[in-house]
Amino acid sequence: MKQYKTETIDEYDNKLIISNIKSYSDDIKIGNKYNTELDIQVFSGDYSGKSTFIIDICTLENFIGKLYEINKLIIGEAEIEDISIGSKIMISINKLGTFVISGILFDCHKEQSLCFKFECEQTYMSKMIAELYNDIVINQKQII
């Protein structure tokens, strides 16, 4: 499966990676809100974590649409939260075009967690946002 990731050139190599996006058409058709899953991995300083998000396809499309909008307008924030264990990612942008990526990731048993916050220049986020928007919102490549 395709990976969508931020690119950074700072000394910490902070990254947000979204991968393994799958939406199940049968679950979407019957209205099951647990119809999409994706992996989110974060590298923040010396720490890293990975969590599988279970969400509704509309939630994912809204999150990506909001990212697309704030990347163009250079104002706003987008948030996505897993509906099974509560992992959450928040992405905002300041007037200088710097994205602030923060949140908390839990493992599948909610025994371990990673709280994080780092910045990423707009230049390095734009590619990831454009690819997500094109693949998920426009072409719906994740539906199986």
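Structure: see above.
Figured I'd write up the structure that's included with this text. Going along each chain's sequence as written, the residues are numbered from 1 onward. The model is predicted, so local features are restricted to residues of pLDDT at least 70 and side-chain atom pairs to those at 80 or more, both for listing and for counting; the totals for chains, interfaces and linings are taken over all residues. Each side-chain value is worked out from all heavy atoms of the structure, with water and hydrogens disregarded.

Remarks on the sheet that holds strand β7 (residues 98-106)
Now for step 1: Strand pairing is assigned whenever DSSP detects at least two bridges linking the two strands. In this description a helix means any DSSP run of H or I spanning at least four residues, a strand means any run of E spanning at least two, and both kinds are numbered starting from the N terminus. Pairing is antiparallel in the open sheet, where four strands are placed in the order β5-β6-β7-β8. Looking at strand neighbours, the two that pair on one side only are β5 (76-81) and β8 (113-121), the edges of this open sheet. Neighbour to neighbour, the strand axes of the sheet diverge by 10° on average, direction disregarded.
Now for step 2: Here β5 pairs with strand β6 (residues 88-93) via six bridges, running antiparallel. Counted as the bridge partner of Ile 80 is Ile 89 from β6.
Now for step 3: Throughout, a contact is declared for two residues whenever any of their heavy atoms are within 4.5 Å. Angular values range over 0 to 180 degrees, each being the angle between N-to-C directions of two axes fitted as lines to C-alpha atoms, with helices fitted over their stretch in contact. On the sheet, helix α2 (residues 57-73) packs against β5, β6 and β7 and is oriented at approximately 160° with respect to β5.

Some points on the sheet that holds strand β1 (residues 3-5)
Now for step 1: In space, the four strands of this open sheet follow the order β1-β2-β3-β4, with antiparallel pairing throughout. The open sheet has two edge strands with one neighbour each: β1 and β4 (47-55). Strand after strand, the sheet turns through a mean of 20° between neighbouring axes, direction not considered.
Now for step 2: As paired elements, strand β3 (residues 36-44) and β4 share nine bridges and run antiparallel to each other. In the sheet register, Val 42 faces β4, and the bridge partner there is Gly 49.
Now for step 3: Relative to β1, helix α3 (residues 122-138) is tilted by about 145°, and along the sheet it contacts β1 and β2 (15-23).

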